[in-house]
Amino acid sequence: MRILSVVGARPQFVKLAPIAHAMAGRAEHVIVHTGQHYDEAMSDVFFRDLGIPEPDVNLEVGSGRHGAQTAAMLAGLEPVFEEYAPDWVLVYGDTNSTLAAAVAAVKMHLPLAHLEAGLRSFNRRMPEEHNRVLTDHAADLLLAPSEVAMRHLAHEGLAERSVMVGDVMTDVLFATRDAVAGEPLPLDGVEPGAFYLSTIHRPDNTDDPTRLTAILDSLASLDRPVVLLAHPRLRALAEQHGLSLDRGALHAIPPLAYPQLVAAAAASAGVVTDSGGLQKEAFLLRVPCTTIRPETEWVETVELGWNRLVDPETQDLAAAVVRPLPAATDATPYGDGHAARRVVDALVGVQAD
Ligand code: UD1
């Protein structure tokens, strides 16, 4: 059986790693990189550190507005799908690369599987929400990370195509956490347990200068150093708006590679982010997280007390960040760290009609 994975953006490389390993010896695995993320720190370093084979194809699409970027991927994927004629096209998460590959596959009548199916923010302003809803409804096989995701899929009439596999990011997080345990902190100028780790990159937080100013001001006023891992989108927009990323408690550095990110998050006193992946990683590491968004797809992190949603324009971010530690929990809403094997089981054992 030949399975063709399409990835393009940073969180997809992390999800691809356990899948690529689980595929070995069970299916022929073709990796196609759209080129949505192309910087060394946003792409290559993940393939290297996580032992992912080099992509078989790189479309080198690069950045652009939603329409132009998605269209370039769609046009580029068609001949690749034709050449490889895969038994499954496997798409990951909710980025423009996911949607482009989903549309290309269904138009060519290729069986389509969606990994991380069923997540919903119910916020129609987010490009990720359009991408995931459209992809779920196009796909033949929906691989869900949690019971909540399974419920969303059932509610939308997609139960028959859905399989609960667990979360593959949990697989890679646990393996990486164990591999980096005991290594020195990969950050200069801060002590373990005495800093906050932050990432901000969502368009709703970065694109409006008033909102971005409120976020940066509240981060700068926190009671401990804040290490801000600056995504290229944030750097570009802060510069455009004339906003400094280095002031008060705030100190910006380039994005970290995955093992260093896990080590830094595990050693932090708290995470402040708008990233979906990092909210969940903080929970899995049992580090309190404060999320600068009105809602989250990973609702279990909030229900269990390890994540709090805050709007820094109307609420006190500092009060949320310094809140007392939540009650300990041994809940495992995202599975047992063996989701990738179940994904391959489902792909190898199930034929879409
Ligand atoms: C994308 C995903 C988002 C995911 C995020 C992870 C969509 C709609 N969004 O958002 O779900 O959480 O990736 O990082 O697909 N840039 C660079 N170098 C790079 C990549 C991006 O400089 O390697 C800059 C470009 O100027 C670009 C901007 O960052 O305009 C945004 O990149 P893009 O891929 O469009 O979206 P992200 O914000 O990264």
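Asks: How should the packing of helix α1 (residues 10–23) against helix α15 (residues 339–349) be read in this particular structure?
Replies: Between two packed helices, both the angle of their axes relative to each other and the distance between the axes serve to describe the pair. The interhelical angle for the contact between α1 and α15, taken along N-to-C directions, is 60°, at an axis separation of 8 Å. It follows that α1 is oblique to α15 by the angle criterion. When the axes of α1 and α15 are compared, the crossing they make is right-handed. Contacts from Pro-18, Ile-19, Ala-22 and Met-23 in α1 reach Ala-340, Arg-341, Val-343, Val-344 and Leu-347 in α15.

Asks: Quick question: what am I supposed to make of the side chain of Thr-199 here?
Replies: Note that Thr-199 resides in strand β8 (residues 196–199). Its relative accessible area of 13% is what places Thr-199 among the buried residues. A polar contact of 2.6 Å, which involves the side chain of Thr-199, links it to the side chain of Thr-273. When neighbours within four sequence positions are excluded, Thr-199 is seen to be in contact with Leu-228, Leu-229, Val-272, Thr-273, Asp-274, Ser-275 and Leu-278.

Asks: Would you mind showing me how to read helix α11 (residues 258–267) here?
Replies: Counting buried positions over the ten residues of α11 gives eight, a clear majority of the element. For α11, every residue scored as buried is listed here: Tyr-258, Pro-259, Leu-261, Val-262, Ala-263, Ala-264, Ala-265 and Ala-267.

Asks: I tried to follow the site of the ligand on my own but got confused; where do I start?
Replies: The immediate surroundings of the ligand are formed by 21 residues, with Gln-36, His-37, Asn-96, Glu-128 and His-231 found nearest. A distance of 2.8 Å is found between an oxygen atom of the ligand and a side-chain nitrogen or oxygen belonging to His-37. Taking His-231, its side chain carries an N or O atom lying 2.9 Å from an oxygen atom of the ligand. Notes on the ligand: free accessible area 750 Å², of which the protein chains cover 85%. Of the pockets mapped on this structure, the ligand occupies the largest pocket. When residues of the shell around the ligand are traced back to their parent elements, those giving at least two are α1, α3 (66–84), α5 (127–138) and α10 (232–240).

Cut-offs used in this document
- Residues numbered from 1 in each chain as written.
- Predicted model: local features only at pLDDT ≥ 70, side-chain atom pairs only at ≥ 80, totals over all residues.
- Heavy atoms only, no water.
- Axes fitted to C-alpha atoms, helices over the stretch in contact; angles between N-to-C directions.
- Helix = DSSP H or I, 4+ residues; strand = E, 2+ residues; numbered from the N terminus.
- Parallel < 35°, antiparallel > 145°, perpendicular 65-115°, else oblique.
- Left-handed = near helix turned anticlockwise from the far one by under 90°.
- Contact = heavy atoms within 4.5 Å.
- Buried < 20%, exposed > 50% of the residue type's maximum accessible area, 1.4 Å probe, protein only.
- Polar contact = N/O pair within 3.5 Å; in protein donor to acceptor, adjacent residues only side chain to side chain.
- Near = heavy atom within 4 Å.
- Areas by Shrake-Rupley, 256 points an atom, 1.4 Å probe, with all protein chains shown as cover.
- 1 Å grid on protein atoms, 1.4 Å probe; cavity = no way out; pocket = protein on both sides within 12 Å on 5 of 7 lines; lining within 4 Å.
- Sits in = over half its atoms within 2 Å of the grid points.

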